[in-house]
Amino acid sequence: MKVLLTGGAGFIGSHISLLLLEKGYDVIILDSFVNSSLNVINAIKTYLNNKSFNYSLDHINGDIRDKTILDKIFKDAIKDGNPIKMVIHLAGLKSVSESLSNPLHYWDVNVVGSQNLLTTMKENKCYSIVFSSSATIYGLTDSSPIVEEHKLSPINPYGMTKVSIESMLGDLYKSKIN
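As the structure is a prediction and not an experimental result, all values here were calculated from the model. (Residues numbered from 1 in each chain as written. Predicted model: local features only at pLDDT ≥ 70, side-chain atom pairs only at ≥ 80, totals over all residues. Heavy atoms only, no water.)

Draft legend 1. Fine view of helix H5 (residues 103-123). Counted at 1.5 Å a residue, the expected span for H5 with its 21 residues is 30 Å, and the 29 Å between its end C-alpha atoms agrees. The set of residues buried in H5 consists of Tyr106, Val109, Asn110, Val111, Gly113, Ser114, Asn116, Leu117, Leu118, Thr120 and Met121. Buried residues along H5 sit in contact with strand E1 (2-6), helix H3 (67-79), strand E4 (84-89), helix H4 (96-101), strand E5 (129-131) and helix H6 (157-174). Just downstream of H5, Lys125 is the residue with a positive phi angle, here 55°. (Helix = DSSP H or I, 4+ residues; strand = E, 2+ residues; numbered from the N terminus. Expected span 1.5 Å × (residues − 1). Buried < 20%, exposed > 50% of the residue type's maximum accessible area, 1.4 Å probe, protein only. Contact = heavy atoms within 4.5 Å.)

See the structure below:
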């Protein structure tokens, strides 16, 4: 099965990609390399090559706000006879302090980018997604551990973008797209 891993060259993404590849999934990493490095992709390949591991890993330097790139990734996978069946969505900006000084950029990258991704997935009949949210959606709380049913109360633009994406995903689920 082919998986698209957005933000796959980041810390969490690199570990997820290794696990997917070791389990036999074909992986496409889409990353803008704003918060990561191409060295991560090379390290993954070196690690797997040293284990004499047969794998299918492609990486694309691109931004989820670029609908043309997203369309091409999905269409190329269909043409190759191995369409993308699942997306693990980790891409996005992640600094709380930066989101306070540049909120519009965070809304653009995180929310508009996610909307582009979800639209492209729908157009290509890919209805399986894992989304990386953040504990910042719960705001300041004394609860420990924080349970998923905890009241949403983001206090910064970064957290608000994550709540917005979760709302978008909830609306899609309720619309019975999948």
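Let us keep going from here.
Draft legend 2. Local environment of the side chain of Ser17. Of note, Ser17 is situated in helix H1 (residues 11-22). Here Ser14 takes part through its backbone oxygen, which lies 2.8 Å from a polar atom of the side chain of Ser17. Residue contacts for Ser17: discarding those within four places in its chain leaves Leu5, Gly8, Val27, Ile29 and Ile44. (Polar contact = N/O pair within 3.5 Å; in protein donor to acceptor, adjacent residues only side chain to side chain.)

Draft legend 3. Molecular detail of unusual backbone geometry. Here the residue pair Ser144 and Pro145 is connected by a cis peptide bond, since its omega of -5° sits within 30 degrees of zero. Secondary-structure assignment places Pro145 in the loop between E5 and H6. In this structure, Phe33 is a non-glycine residue whose phi angle is positive, near 60°. The topology assignment puts Phe33 in the loop between strand E2 (26-31) and helix H2 (38-50). In this structure Phe33 comes out as buried when scored by relative accessible area, which is 17%. Even without being glycine, Ser52 reaches a positive phi, approximately 50°. When you line up the elements, Ser52 lands in the loop between H2 and strand E3 (57-61). Using a relative accessible area of 69% as the deciding quantity, one classes Ser52 as exposed.

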